[in-house]
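Coordinate analysis (summary)
In case you want the letters, here they are:
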Amino acid sequence: SLTVEGAVQNSVLNGDLISDNLTIQNKVFTFLPRVNWRWELGQSKNIRLRYSTSVREPSLTQLQPRIDNSDPVNIYVGNPDLRPEYRHSMRVNFMNYDQFSFRSFFAFINATYTKSAIENQTTLSDNFVRTTQPVNVTDDKSVATNLNFSTPLKLFKTRFNIGARSTYANGITFLNGTETSRTRINGNFNAKLENRKKDIFDWVIGGSWGYNVTSYS
C-alpha cells in the first residue's frame, strides 16, 4: 500500500514591542509532503517506510532584537532575521515474527535532515560575560539505527535476546563565536539470557557495552 499526501501550512506571527515602538512580523508559507509505504512480505513479516516534513518557526523571544540582561553574566539577544527550520524525516522499519517458533527480528533506520536549523551562538567577553543569540546554520543531519533479535532456546527452556543501536549526528555549533562542525557518534550493544517459565522464579543474566564519541572540526 502506498499513500502520498501533501499539506499547505501558512503561519503568521505578529509581535509589538511597545516600549521600543517596534513591530515584528514573521510569515511562513510552506508545502509539506508526506509518503507512507507498506509491503507485506508474508505472515507477520513486512517493511514500512514513512517520509514526512515539518516546519518549526522561531518564537517571539528568539525574534525580538532586545537585550535581556536580567542576568548580568548571561545576556540573551534575539535575532529578527531568523528563518524557520524545515525538517525532512524518513523512517524504514522491518519486522519478522514467527508465531510458531516465537523467533523475532526487528530493525529500523531513522534519518533526519534540517535546513536552516536554529542554534544558539554564545560568546564570552574578557570579563566573563556570556552573550547568547540564536542564528540559522546551513544544515543539521542525523541517522539512527536499531537491531533486535530474540529466539527461544527450547533445550534449556530459556530465551536469548541480542540488540544493537547506533546514532550519527552532524551539525554546526559555535565555540566562543567561531563556527565549527560537530559530529557525534554513539551506540550500544546488549545481550541477555532469561528463563521462559516465570511461575515460580525469574532470572536474567546479560550485559551491555556502549560508546559515545564527539569530535569538532
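Residues numbered from 1 in each chain as written. Predicted model: local features only at pLDDT ≥ 70, side-chain atom pairs only at ≥ 80, totals over all residues. Heavy atoms only, no water.

1. Overview of the overall build of the protein
Here is the rule we go by: Secondary structure counts use DSSP, requiring at least four H or I residues in a row for a helix and at least two E residues in a row for a strand, with both numbered from the N terminus. As a reference, a globule follows 2.2 Å times the number of residues to the power 0.38, and the radius of gyration itself is taken over C-alpha atoms. Exposed residues in this analysis have more than 50% of their type's maximum accessible area, buried residues have under 20%, and partly exposed residues fall in between, with area computed by a 1.4 Å probe over protein chains only.
Looking only at helices and strands, the protein has 1 helix and 13 strands in total. The secondary structure elements of the protein, listed N-terminal to C-terminal, are β-β-β-α-β-β-β-β-β-β-β-β-β-β. In terms of overall dimensions, the protein is more spread out than a globule: its C-alpha atoms have a radius of gyration of 24 Å, far above the 17 Å expected for 217 residues. In terms of overall dimensions, the protein has C-alpha extents of about 80 × 45 × 35 Å along its principal axes. Relative to its 217 residues, the protein shows a buried fraction of 26%.

2. Observations regarding a nonpolar patch on the surface
Worth spelling out the cut-off: Candidates for patches are residues over 30% relative accessible area with no salt bridge; among them, like charges are joined within 9 Å and nonpolar side chains (Val, Leu, Ile, Met, Phe, Trp, Tyr) within 5 Å. Each accessible area is a Shrake-Rupley result for a 1.4 Å probe, and residues are judged covered by the shown protein chains and nothing else. In the sections that follow, a salt bridge refers to a side-chain nitrogen of Lys or Arg positioned within 4 Å of a carboxyl oxygen of Asp or Glu.
On the surface, Ile 109, Val 143, Tyr 168, Ile 185, Phe 189, Trp 209, Tyr 211 and Val 213 cluster together into a nonpolar patch covering about 710 Å² of accessible area. Mapped onto the nonpolar patch, the elements with two or more residues apiece are strand S12 (178-195) and strand S13 (204-216). Per-element accounting of the nonpolar patch gives the leading share, 3 residues, to S13. Structurally, Ile 185 is set in strand S12.

3. Quick look at the environment of Asn 74
Rule in force here: Residues are treated as being in contact if the distance between any of their heavy atoms lies within 4.5 Å.
Note that Asn 74 resides in strand S5 (residues 74-77). Linking Asn 74 and Thr 131, residues 57 residues apart in sequence, is a C-alpha distance of 6.0 Å. Not counting residues within four places of it along the chain, the set of residues in contact with Asn 74 comprises Asp 68 and Arg 130.

4. Brief notes about the side chain of Asn 79
The condition is simple: Polar contacts, as counted here, are pairs of nitrogen or oxygen atoms within 3.5 Å of one another; within protein the pair requires one atom able to donate a hydrogen and one able to accept it, and residues that are adjacent in sequence qualify only if both atoms are side-chain atoms.
In this fold, Asn 79 is placed in the loop between S5 and strand S6 (85-98). One polar contact links the side chain of Asn 79 to the main-chain amide nitrogen of Asp 81, over a distance of 3.1 Å. Sequence-distant contacts of Asn 79, defined by excluding residues within four places in its chain, comprise Gln 62, Leu 63, Gln 64, Gln 133, Pro 134 and Val 135.

5. Some details on the pairing of strand S10 (residues 139-153)
Just so we agree on the cut-off: Strands are labelled as partners when DSSP assigns at least two bridges between them.
By the bridge criterion, 12 bridges tie strand S7 (residues 103-115) to S10 in an arrangement that is antiparallel. Pairing of Lys 115 across the sheet is with Asp 139, part of S10. As paired elements, S10 and strand S11 (residues 158-175) share 13 bridges and run antiparallel to each other. Of the residues in S11, the one forming a bridge with Phe 149 is Ile 162.

6. Looking at the side chain of Asn 93
Relative to the assigned elements, Asn 93 resides in strand S6. On the basis of relative accessibility, which here comes to 19%, the residue Asn 93 falls in the buried class.

7. Here we look at the sheet that holds strand S8 (residues 118-124)
Neighbouring strands of a sheet are bound in pairs by backbone hydrogen bonds; such pairs are parallel or else antiparallel. Here 4 strands make up an open sheet; going across it, the order is S4-S5-S9-S8 and the pairing mixed. Every interior strand has two partners, whereas the edge strands, strand S4 (67-68) and S8, have only one. Strand direction decides the pairing type here: S8 and strand S9 (residues 130-136), joined by 7 bridges, are antiparallel. Residue pairing for S9: Ile 118 is matched across the bridge by Asn 136.

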